[in-house]
Amino acid sequence: VRKGFVIAVDGPAASGKGTIARALAKHFDLPHMDTGLLYRAVALKLWRWGGDPNVEFEALRACDDLGFDPGDEELRSEPVSRIASKISSYPSVRDALLQRQRDFAAQEGGAVLDGRDIGTVIAPNADVKLFVTASAEVRAQRRVRELLERGMPGHYEDVLLDIRARDERDAGRPVAPLRQAPDSLVLDTSDLGIQESIAEAIRLVGEQVGLKLPG
Ligand code: CDP
Ligand code: CDP
């Protein structure tokens, strides 16, 4: 398989975009960046400081010298998810994290990035754009399963409400809202298992890359 192309993977929470992006990176031998982790890292730092997520300036300060351990389970905790959702709406925070993502996308060997605004803002010239989605009900079921697997209580109705609220915040914010890029390929995983979703994503990317980068 030819190297050096950029794959943008966007979609709402628990659509499967992270799983798919990681599998694509492995299959096509490309480096991968989970951009949600950047927002989560800012949120975690703010949380540890005891900073106020409702104050944009405090969130912006947490972007300075942002280092984090991707394996840190606290990045995925509920309070951090909530704060991440809040602080990702601030234009100054998005701006502070922009170059790091653009640089990653521009590296010589190509890259896979997943998030909300990869195909629209971070890498609008990506060779392939996937928009991964699934119904809110299916995504809520996945989240509940994840919570139970981690030994945390998950109530379906609460999780569904939270997913819907998050969708609205992601799509409704004025800066870099979650939007399907017009030139993206839609992959609805509502009725697909993990392996099926991955296989379909590899097929779509292979087809598109074959078209755009012959040879
Ligand atoms: O990155 P994002 O929040 O979009 O989703 P993810 O972390 O890749 O997937 C959320 C959960 O759904 C994980 O537990 C996946 O294993 C699961 N999943 C699934 O059950 N079926 C799929 N077709 C894709 C993901
Ligand atoms: O999968 P889930 O939505 O739970 O989380 P994530 O993808 O790790 O993203 C964490 C937070 O960062 C979410 O609230 C997203 O709205 C935000 N985010 C963003 O605004 N832009 C991105 N490119 C990636 C994530």
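Residues numbered from 1 in each chain as written. Chains lettered and ligands numbered in written order. Predicted model: local features only at pLDDT ≥ 70, side-chain atom pairs only at ≥ 80, totals over all residues. Heavy atoms only, no water.

Assignment of secondary structure puts Thr 35 in the loop between strand 2 (32-34) and helix 2 (36-49). Owing to a relative accessible area of 2%, Thr 35 belongs among the buried residues under this scheme. Of the polar contacts made by the side chain of Thr 35, one reaches the backbone oxygen of Asp 114; its length is 2.7 Å. Setting aside anything within four residues of it in sequence, one finds Thr 35 in contact with Gln 101, Leu 113, Asp 114, Gly 115 and Ile 118. (Helix = DSSP H or I, 4+ residues; strand = E, 2+ residues; numbered from the N terminus. Buried < 20%, exposed > 50% of the residue type's maximum accessible area, 1.4 Å probe, protein only. Polar contact = N/O pair within 3.5 Å; in protein donor to acceptor, adjacent residues only side chain to side chain. Contact = heavy atoms within 4.5 Å.)

Another point: the packing of helix 2 against helix 4 (residues 78-87). Running from N to C, helix 2 and helix 4 point in directions that differ by 110°, and their axes come no closer than 8 Å. Overall, the two elements helix 2 and helix 4 adopt an arrangement that is roughly perpendicular. The interaxial crossing formed by helix 2 with helix 4 has right-handed handedness. Listed contacts from helix 4 to Tyr 39, Arg 40, Val 42, Ala 43, Leu 44, Leu 46 and Trp 47 of helix 2 are Pro 79, Val 80, Ser 81, Ile 83, Ala 84 and Ile 87. (Axes fitted to C-alpha atoms, helices over the stretch in contact; angles between N-to-C directions. Parallel < 35°, antiparallel > 145°, perpendicular 65-115°, else oblique. Left-handed = near helix turned anticlockwise from the far one by under 90°.)

Turning our eyes to something else, we now look at the nonpolar core. Judged by nonpolar contacts, the single largest core of 32 residues is most densely connected at Val 42, Ile 87, Val 93, Leu 97 and Leu 113. Each residue touching Val 93, except ones within four places of it in the same chain, is listed here: Tyr 39, Ala 59, Leu 60, Cys 63 and Ile 87. (Core = buried A, V, L, I, M, F, W, Y, C linked by side-chain atoms within 4.5 Å.)

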